[in-house]
Amino acid sequence: MASAERWYAAIVSTVVLGAVLSPIVPAEQEDGFPLSNYPMFSRAPDDSRVSLAHVVGWSSRGEHRPIEPGLVETEEVMQAMQTIKVAARKGAAASADLCTKTAARVAEDDDYADIETLEVRTDRYDVLTYFSEGRAPLATQVHARCPVLRGGAG
Amino acid sequence: MSRIDSRWAVPATSLAALRILIGAYALVYTLVRFGHVVRTATFPVRQFDPVGPVSLLSQPLPYAVVLVLTTVTVLLGVAFVLGWRFRVVGPAFAFSFLWTLSYRNSWSMVFHTENLLVLHVLVLGIVRAADVWSLDARGRPVDGTARFRYAWPILLLCAITVTTYFIAGYTKLRISGLSWVTHDALRYHVAHDNLRKAELGSVYSPLGAWLAGHAGIFKPLAAVSLIVEVLAPLALLGRRIGRAWCVSAWAFHFGVFAVMAIGFHYPLAGVAYASFFDTARLVRWVARKIGRPLPEP
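We now turn to the structure provided with this report. (Residues numbered from 1 in each chain as written. Chains lettered and ligands numbered in written order. Predicted model: local features only at pLDDT ≥ 70, side-chain atom pairs only at ≥ 80, totals over all residues. Heavy atoms only, no water.)

## Side note on the sheet that holds strand β2 (residues 64-66) of chain A
Residues and elements named next belong to chain A.
Alright, step 1. As summarised here, the arrangement of the four strands in space is β2-β1-β3-β4, forming an open sheet in which the pairing is antiparallel. Edge strands, defined here as strands with exactly one partner in the open sheet, are β2 and β4 (139-147). Adjacent strand axes in the sheet meet at a mean angle of 30°, parallel and antiparallel pairs treated alike.
Alright, step 2. Against the sheet, helix α2 (residues 77-90) makes contact with β1 (49-59), β3 (115-126) and β4, and its axis sits at roughly 95° relative to β1, the strand it touches most.
Alright, step 3. Of the strands in this sheet, β1, β3 and β4 touch helix α3 (residues 92-107), which is tilted by about 60° from β4. (Pairing = 2+ DSSP bridges. Helix = DSSP H or I, 4+ residues; strand = E, 2+ residues; numbered from the N terminus. Axes fitted to C-alpha atoms, helices over the stretch in contact; angles between N-to-C directions. Contact = heavy atoms within 4.5 Å.)

Structure below.
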């Protein structure tokens, strides 16, 4: 192999591996794309209670269930979670905007024909008892509430 | 140096096979995600949080521009797999693929399932991965001589793979120390991830939800997964140990999929580990099966 090629191999390998390794330096940008320190799931939590922003639909009979990610702007569940979280953090106007847009999509989905009202809300749960002792939230904060308007309504 | 050349040497077909396999995976992935990438142009501006090269932008791109750039990425991907004008197309596809996936990740959510694929494509785009089994090499005899020039990019792909696992393990130790194993962190994360999927109206793992009630099993699982990550660099010590590590890393991802419904598609498909194996054999076999046998030395 020619000398120039050896240099190319050495430089490319050093630069690429250096870049891939760089996020382990705490002062540097840690999580990102495509370079990351992969921080997801790295924290050992000291509290089993978590807060979750989500969109919940209510039927006329007072039953409720979560609205699937595909109706909250994206089919990607984690992306949908971030969308709701950002809207909740931005305040009432952003939450109301998300609520109204989601309600318009819910109105056209037959699977949600019984849903009359949506809430953009943050619920608090205990992750270790949620599946074994019941799914009711420990606390709730409603950011926005809006009606699901169907053909002829409103 | 000549000793290194002979110790670490493979024929051009080994590197070309990785171009075809990983390039085809990246191309199919772009096509599968096409709609999602383009739909990001309709997301509210408040969600725009650029990462990677997209950080150069202060505002999201118009819908038409996103559509054109994503389409160009697909077309370049086809040329990349076919090995057409690779000196230009190789880097061009590598960068456009990086841009496209960075753009998709610039909406307040980084999908860590895509990092390794992008890094592999970036390397393949700037090396001699189309010297054989390509449109560029049409009509030329296939040189079967093993050379270092085709081996170092493969070693680099392997090194990148194990480094990403090492970093993930190192981060857990840096942030949580061994309490990540001893304080049931894995049980918490499995329960939390399934809870949020259930409350977001998505598919969650019933197995993970059930296991969350059984504290005892998570500490050994956490210890094993941390070992697979932190000791990943040992996979570079030899072919056998490398392949054994690939199997354990794949099993780790399968476990994550089973209990958290998180699909790290690139490793689960096995393509992330292709550089550790004789991929040329696989590509030859597929080519024969589809009736387009590849030229041999």
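Once you've had a look at it, read on.
## A short note on the pairing of β3(A)
Along any regular strand, the residues point their side chains to alternate faces of the sheet.
All names here are of chain A.
Alright, step 1. Where burial is concerned, most of β3 is hidden: nine out of the 12 residues are buried.
Alright, step 2. For β1 and β3, the ladder comprises 11 bridges, and the chain directions are antiparallel. Within β3, the residue paired with Gly 57 across the bridge is Leu 118. (Buried < 20%, exposed > 50% of the residue type's maximum accessible area, 1.4 Å probe, protein only.)

## Some thoughts on the interface of chain B and chain A
Alright, step 1. Between chain B and chain A, the residue contacts involve 68 residues of the former and 63 residues of the latter.
Alright, step 2. The partner of Glu5(A) in a salt bridge is Arg149(B), with the nearest N and O atoms 2.8 Å apart.
Alright, step 3. At the junction of chain B and chain A, the tally comes to 20 residue pairs in polar contact (both at pLDDT 80 or more).
Alright, step 4. Every element with two or more residues in the side of chain B that touches chain A is listed here: α2 (12-39), α4 (86-104), α5 (115-125), α6 (148-176), α7 (179-182) and α8 (185-199) of chain B.
Alright, step 5. Element by element, the count of residues in the side of chain B that touches chain A is highest for α6(B), at 16 residues.
Alright, step 6. A class-by-class count of the residues in the side of chain B that touches chain A yields 35 nonpolar, 18 polar and 15 charged. (Salt bridge = Lys/Arg side-chain N within 4 Å of Asp/Glu carboxyl O. Polar contact = N/O pair within 3.5 Å; in protein donor to acceptor, adjacent residues only side chain to side chain. Nonpolar A, V, L, I, M, F, W, Y, C, P; charged D, E, K, R; others polar.)

## Here's the deal with unusual backbone geometry
Alright, step 1. Cis rather than trans, the peptide bond between Phe33(A) and Pro34(A) has omega equal to 5°.
Alright, step 2. The topology assignment puts Pro34(A) in the loop between α1 (3-21) and β1.
Alright, step 3. Even without being glycine, Tyr38(A) reaches a positive phi, approximately 50°.
Alright, step 4. Locating Tyr38(A) in the fold gives a position in the loop between α1 and β1.
Alright, step 5. Residue classification places Tyr38(A) among the buried positions, given a relative accessible area of 8%.
Alright, step 6. The phi angle at Asp184(B) is positive, at roughly 60°, despite the residue not being glycine.
Alright, step 7. For Asp184(B), the location among the structural elements is in the loop between α7 and α8.
Alright, step 8. Assessed through its relative accessible area of 15%, Asp184(B) is described here as buried.

## What about α6(B)?
Residues and elements named next belong to chain B.
Alright, step 1. For α6, spanning 29 residues, the distance from its first C-alpha to its last is 41 Å, which sits close to the expected 42 Å at 1.5 Å a residue.
Alright, step 2. The buried fraction of α6 is high, at 22 of 29 residues.
Alright, step 3. Looking one or two residues past α6, Gly 177 carries a phi angle of roughly 65°, positive in sign. (Expected span 1.5 Å × (residues − 1).)

Just distances and angles here, no functional claims.
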